[in-house]
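# Chain and residue survey
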Amino acid sequence: MIPIRDLNPTKTFPIVTAVLIIINLGVFAFVQPRDSGQADSEFLYKYATIACEVVSGEPVSHEEVNNNTCSKQSERGVFADKSIIASIFASMFLHASWLHVIFNVWFLWIFGNNVEEAYGSVRYLIGYLIAGIIATLGFVATNAASVIPLVGASGAVAGVLGAYLVLFPKHKITSLVFVFFVPIPAFIFLALWFAGQFGQQDPGIAWQAHVAGFLVGVLATAIARPSLMRRLARIHSPREVFGFPSQVR
């Protein structure tokens, strides 16, 4: 299933969602090397999150990279001056391929505008970043020995999906199913997406990060839902003219 659009119009422009999309596309197009060679590999090892580094608190060494193992050692790291904390944030804006980044920003555009309207731009941005951080830590917790760079906005975007599920479970998502466009209730679409993460067979997909980010979005939004729904009601209520409600034609 590929989401095409949601039948859930907004009244506010999703400025943060748009900026996040531009940043993700811009970083991949103009900052990341994409020659799939040594330059690309070095860039990711220098800037992206690596689970072994988060656990040990030190950059991985040449020996660890070459042997694909995480071990306590005193050998100097490949990038000894690397900021491990900064890499957790940087990884959210790095991607493995054009297909990877396009899918992430497409999902963000479809689901993010409504969630941003509900949260407000500032809280939405904070929530997005928190979901991305916890998604990364969720991957680290289950793959502590990994010395492979973790990249992608998927964990943060998964947090947006989780929020959407809580806020708009019955809104329809027009989806491409095989060759047909089918309107699917959000709770069905997102439940299938979530369940599908546990069936991932590709070792290159960090599904644990997706699950962690999604659960953060669900839990945080479930707690905040009453106030968020009141905010949406105010935004979408009939406009008032001279103190009296009026319908916009």
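Only a predicted model underlies this, so the values are computations on that prediction, with no experimental measurement involved.

## Some thoughts on the pattern of salt bridges
The full count for this structure, using the stated rule, is 1 salt bridge. Linking E53 and K82 is a salt bridge whose minimum nitrogen-to-oxygen distance equals 2.7 Å. Within this pair, whereas E53 is found in helix α3 (residues 51–56), its partner K82 is found in the loop between α4 (62–67) and α5 (84–90), the two being separated by 29 residues in sequence. With a relative accessible area of 2%, E53 lands in the buried category.

## Some remarks on a nonpolar patch on the surface
Taken together, the side chains of I2, F13, I15, V19, I23, L99, F103, W106 and W109 define a hydrophobic patch exposed on the protein surface, amounting to about 830 Å² of accessible area. Those elements that place two or more of their residues in the nonpolar patch are α1 (15–31) and α6 (98–119).

## Side note on the environment of V54
When you line up the elements, V54 lands in helix α3. According to the relative accessible area criterion, V54 is partly exposed, its value standing at 24%. When the C-alpha atoms of V54 and S87 are compared, they prove to be 9.4 Å apart, with 33 residues separating the residues in sequence. The contacts of V54, once residues within four sequence positions are left out, are T49, I84, L137 and V140.

## What to know about the packing of α6 against helix α7 (residues 121–142)
It is the contact of α6 with α7, at a shortest axis distance of 7 Å, that shows an interaxial angle of 125°. Classed by the angle they form, the pair α6 and α7 counts as oblique. The handedness of the crossing between α6 and α7 is right-handed. Where α6 approaches α7, its residues L108, G112, V115, E116, A118 and Y119 are matched on the opposing element by S121, R123, Y124 and Y128.

## Quick notes on the nonpolar core
L108, F111, Y124, Y128 and Y164 are the most contacted members of the largest nonpolar core, which totals 41 residues. For this core, the elements supplying multiple residues, two or more each, are α1, α6, α7, α8 (154–167), α9 (186–197) and α10 (207–236). Core analysis: the next-biggest nonpolar cluster, separate from the first, contains 7 residues, A135, F139, L150 and A206 among them.

## Some thoughts on the state of the cysteines
Enumeration over the complete set of coordinates arrives at 1 disulfide. What pairs with C52 in a disulfide is C70, and their sulfur atoms sit 2.0 Å apart. Here C52 and C70 share a disulfide; its torsion about the S-S bond, 75°, makes the bridge right-handed. Of this pair, C52 sits in helix α3 while C70 sits in the loop between α4 and α5, and the two are 18 residues apart along the sequence. With a relative accessible area of 1%, C52 lands in the buried category. By relative accessible area, C70 is classed as partly exposed at 30%.

Definitions and cut-offs
- Residues numbered from 1 in each chain as written.
- Predicted model: local features only at pLDDT ≥ 70, side-chain atom pairs only at ≥ 80, totals over all residues.
- Heavy atoms only, no water.
- Salt bridge = Lys/Arg side-chain N within 4 Å of Asp/Glu carboxyl O.
- Helix = DSSP H or I, 4+ residues; strand = E, 2+ residues; numbered from the N terminus.
- Buried < 20%, exposed > 50% of the residue type's maximum accessible area, 1.4 Å probe, protein only.
- Patch = residues over 30% accessible without salt bridge, like charges linked within 9 Å, V, L, I, M, F, W, Y side chains within 5 Å.
- Areas by Shrake-Rupley, 256 points an atom, 1.4 Å probe, with all protein chains shown as cover.
- Contact = heavy atoms within 4.5 Å.
- Axes fitted to C-alpha atoms, helices over the stretch in contact; angles between N-to-C directions.
- Parallel < 35°, antiparallel > 145°, perpendicular 65-115°, else oblique.
- Left-handed = near helix turned anticlockwise from the far one by under 90°.
- Core = buried A, V, L, I, M, F, W, Y, C linked by side-chain atoms within 4.5 Å.
- Disulfide = S-S within 2.5 Å.

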